[in-house]
Amino acid sequence: MALRGIFVVEMAGLAPGPLCGMILADFGAQVVRVDRPGGLGDVSHLSRGKRSVLVDLKQPQGAMVVQRLCSQADVLLEPFRRGVMEKLQLGPEVLQRENPKLIYARLTGFGQSGKFSGAAGHDINYLSLSGVLSKLGASGESPSPPLNLLADFAGGSIMCTLGILVALFERMSSGKGQVIDANMVEGTAYLSSFLWKTLKLGLWEQPRGQNLLDGGAPFYTTYRTADGEFMAVGAIEPQFYKLLIEGLGLNPTELPHQMSTRDWPEMKKKFAAVFAKKTRAEWCRVFDDTDACVTPVLRLDEAARHDHNRERASFITDVEQGVSPRPAPLLSRTPATPSLQKDPFIGQHTEEVLKECGFSQEEIDQLKSSKVIGSHKQRAHL
């Protein structure tokens with residue numbers, strides 16, 4: 001796989017960090033998660049393809065163990081608030097002194113500097129500070145976050161992964177690592193560049209939920225069907241809009257101009273009344289073979305079974321029969337081959353990883369007896 005040979009040390013944390021590490025593992029990196037005693041493991045269930053070592057970082061020897069792991073690592077991924085790693089003697093100055101090629105990726109909500117850099121927060125807080133949350137939600141309603149996907153995972157995990165890959169590429173010429181300040185506020189803001197760059201074009205001049213791309217247009221929104229399901233409509237271009245009108249069985253001469261914004265509320269009511277007359281399956285038969293840009297709103301379980309996604313093998317099933325998305329994008333020569341085995345439990349690979357990193361059995365035994373490390377073997381359930 002594309003990242004074969006890359007060694008990543010991931011400090012255990014909440015969802016954004018684990019997804020970043022899982023992406024790297026999916027594409028071939030060797031990812032070792034450092035868990036702490038008393039931890040719950042990866043509660044986000046994003047540890048596919050990783051291994052786990054259990055280290056007590058509160059003990060000085062625990063920090064030394066991580067230092068030795070990082071002396072051989074290509075990437076360190078840490079999700080803590082500003083200053084936590086420095087207190088553990090695991091800051092970039094310490095680790096990069098021993099390993100100048102180390103890429104030190106810091107993934108936080110607010111970044112390593114600024115007024116909120118030491119504050120707690122969650123997806124909705126990062127989303128609000130980026131400015132993007134103000135644009136999300138239905139007309140006349142309060143701003144509404146799109147689950148925790150946008151700031152945590154898109155602005156956080158994906159942008160951090162991008163930073164790591166760019167730094168790995170740059171290291172090929174410089175031979176040096178660097179520190180990555182990835183944070184969810186700026187990551188989310190960067191993702192919204194299209195919004196910022198088009199502010200003067202009039203795309204967002206109406207109140208939230210009344211614009212072309214935020215549900216205000218009758219041809220870019222969702223409609224309830226006769227069976228209580230929904231269809232998604234995205235017929236922006238005139239040629240696609242024409243096919244939408246044909247599929248709905250409406251007379252275009254009896255409708256106002258597509259871009260007559262003052263008529264959009266009434267047009268939405270008219271379209272809604274038509275969509276309510278057929279089931280979702282019936283509308284799929286009308287629109288599936290057209291370019292009207294009309295698709296069913298699928299539940300997660302339905303998405304995995306949809307013909308298009310099955311034909312592309314877009315979802316995978318692990319040994320525990322859990323279904324999840326296949327890694328994307330799809331590479332032609334070196335595609336990701338995600339592990340289908342059970343996610344690692346805390347400390348499952350402690351001895352294995354330490355031996356690979358040059359620890360002697362005597363050192364491992366001493367660290368175990370001092371409870372600096374833990375090694376939990378998987379037991380068979382009969």
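To be clear, the structure that these remarks concern was listed above.
A. The arrangement of helix 5 (residues 123-130) in detail. Within helix 5, the full set of buried residues consists of Asp123, Tyr126, Leu127 and Ser130. Buried residues in helix 5, looked at end-on, bunch into an arc of 100°, giving them a common side. Contacts made by the buried residues of helix 5 are with helix 6 (149-174), helix 7 (184-191) and helix 8 (193-197). Looking one or two residues beyond helix 5, the residue adopting positive phi is Gly131, at roughly 95°.

B. Looking closely at the side chain of Thr108. Considering the arrangement of structural elements, one finds Thr108 in strand 5 (residues 103-108). For Thr108, a relative accessible area of 8% gives the class buried. Residues contacting Thr108, with those up to four places away along its chain left out, are Phe80, Ala182, Asn183 and Met184.

C. The arrangement of the packing of aromatic side chains in detail. Inspection of the entire model under this criterion finds 9 aromatic pairs. Geometrically, the ring pair formed by Tyr223 and Phe271 is edge-to-face, given 6.3 Å between the ring centres and 65° between the ring planes. Taken together, the residues Tyr223 in strand 7 (residues 220-224) and Phe271 in helix 10 (residues 264-275) connect sequence positions 48 residues apart. Taking relative accessible area as the criterion, Phe271 reaches 0% and is therefore assigned buried.

D. Summary view of the nonpolar core. Of all hydrophobic cores here, the largest spans 35 residues; its most connected members are Cys160 and Ile164. Listing elements by their share of this core, those giving two or more residues are helix 1 (16-26), strand 4 (75-78), strand 5, helix 5, helix 6, strand 6 (179-183) and helix 7. When near neighbours in sequence (up to four residues on either side) are disregarded, Cys160 contacts Cys20, Leu77, Ala105, Leu107 and Ala182. Counting 30 residues, the second largest nonpolar core, distinct from the first, contains Phe7, Leu95, Leu354 and Ile373.

E. Representation of the sheet that holds strand 3 (residues 51-55) within the structure. On the basis of which strands lie adjacent, the open sheet formed by 7 strands has the order 6-5-4-1-2-3-12 and mixed pairing. On the outer flanks of this sheet lie strand 6 and strand 12 (373-374), each paired with one strand and no other. Pairing of strand 2 (residues 30-35) with strand 3, which is carried by 4 bridges, proceeds in the parallel orientation. Within strand 3, the residue paired with Val34 across the bridge is Val53. Sheet strands in contact with helix 6 are strand 4, strand 5 and strand 6, and its direction is about 165° off that of strand 5.

F. Examining the sheet that holds strand 7 more closely. Strands sit in the order 7-8-9 across an open sheet of 3 strands; the sheet is antiparallel. Either end of the sheet is taken by a strand with one partner, and the two such strands are strand 7 and strand 9 (294-296). Across this sheet, the average inter-strand angle for adjacent strands is 25°, counted without regard to direction. Here 3 bridges tie strand 8 (residues 230-234) to strand 9, and the two strands are oriented antiparallel to one another. From the neighbouring strand, Ala232 faces strand 9, where its bridge partner is Thr295. Together, strand 7, strand 8 and strand 9 form the strand contacts of helix 10, whose direction differs from that of strand 7 by roughly 40°. The strands touched by helix 11 (residues 280-287) are strand 8 and strand 9; relative to strand 8, the strand with the most contacts, the crossing angle is about 30°.

G. Up close: the side chain of Ser157. Looking at where Ser157 falls in the secondary structure, it is placed in helix 6. Ser157 gets classed as buried once you look at its relative accessible area, which sits at 0%. Here Ser157 is in contact with Ala15, Pro16, Leu19, Cys20, Leu107 and Asp152, once residues within four sequence places are set aside.

H. Fine view of helix 1. Along helix 1, 11 of the 11 residues are buried, which leaves the element largely enclosed by surrounding structure. Within the sequence span of helix 1, burial applies to Pro16, Gly17, Pro18, Leu19, Cys20, Gly21, Met22, Ile23, Leu24, Ala25 and Asp26. Here the buried face of helix 1 lies against strand 1 (7-11), strand 2, strand 4, strand 5, helix 6 and helix 7. One or two positions beyond helix 1, positive phi appears at Gly28, with a value near 110°.

Each value, and the rule that gives it
Counting of residues starts from 1 at the beginning of each chain's written sequence and follows it residue by residue. Given that the model is predicted, a residue must reach a pLDDT of at least 70 before its local features are reported, and side-chain atom pairs must reach 80 or more before they are shown or counted; all residues, however, enter totals for whole chains, interfaces and linings. The basis for every side-chain value is the complete set of non-hydrogen atoms in the structure, without hydrogens or water. We call a residue buried when its accessible area falls under 20% of the maximum for its residue type, exposed when it is over 50%, and partly exposed in between, using a 1.4 Å probe and counting protein chains only. In DSSP terms, a helix is any run of H or I states spanning at least four residues, a strand is any run of E spanning at least two, and both are numbered starting from the N terminus. Directions from the helix axis toward the C-beta atoms define the arc. Any two residues having at least one pair of non-hydrogen atoms within 4.5 Å are treated as being in contact. Ring pairs are drawn from Phe, Tyr and Trp, using the six-membered ring of Trp, whenever the two centres fall within 6.5 Å, and their geometry is named by plane angle: stacked under 30 degrees, edge-to-face over 60, tilted for the rest. Only buried Ala, Val, Leu, Ile, Met, Phe, Trp, Tyr and Cys residues count toward a nonpolar core, and they belong to the same one when joined by side-chain atoms within 4.5 Å. DSSP bridges decide pairing: two strands pair if at least two such bridges lie between them. Structural elements are reduced to axes, namely lines fitted to C-alpha atoms, with helices fitted over the stretch in contact, and the angle between N-to-C directions of any two is expressed from 0 to 180 degrees.

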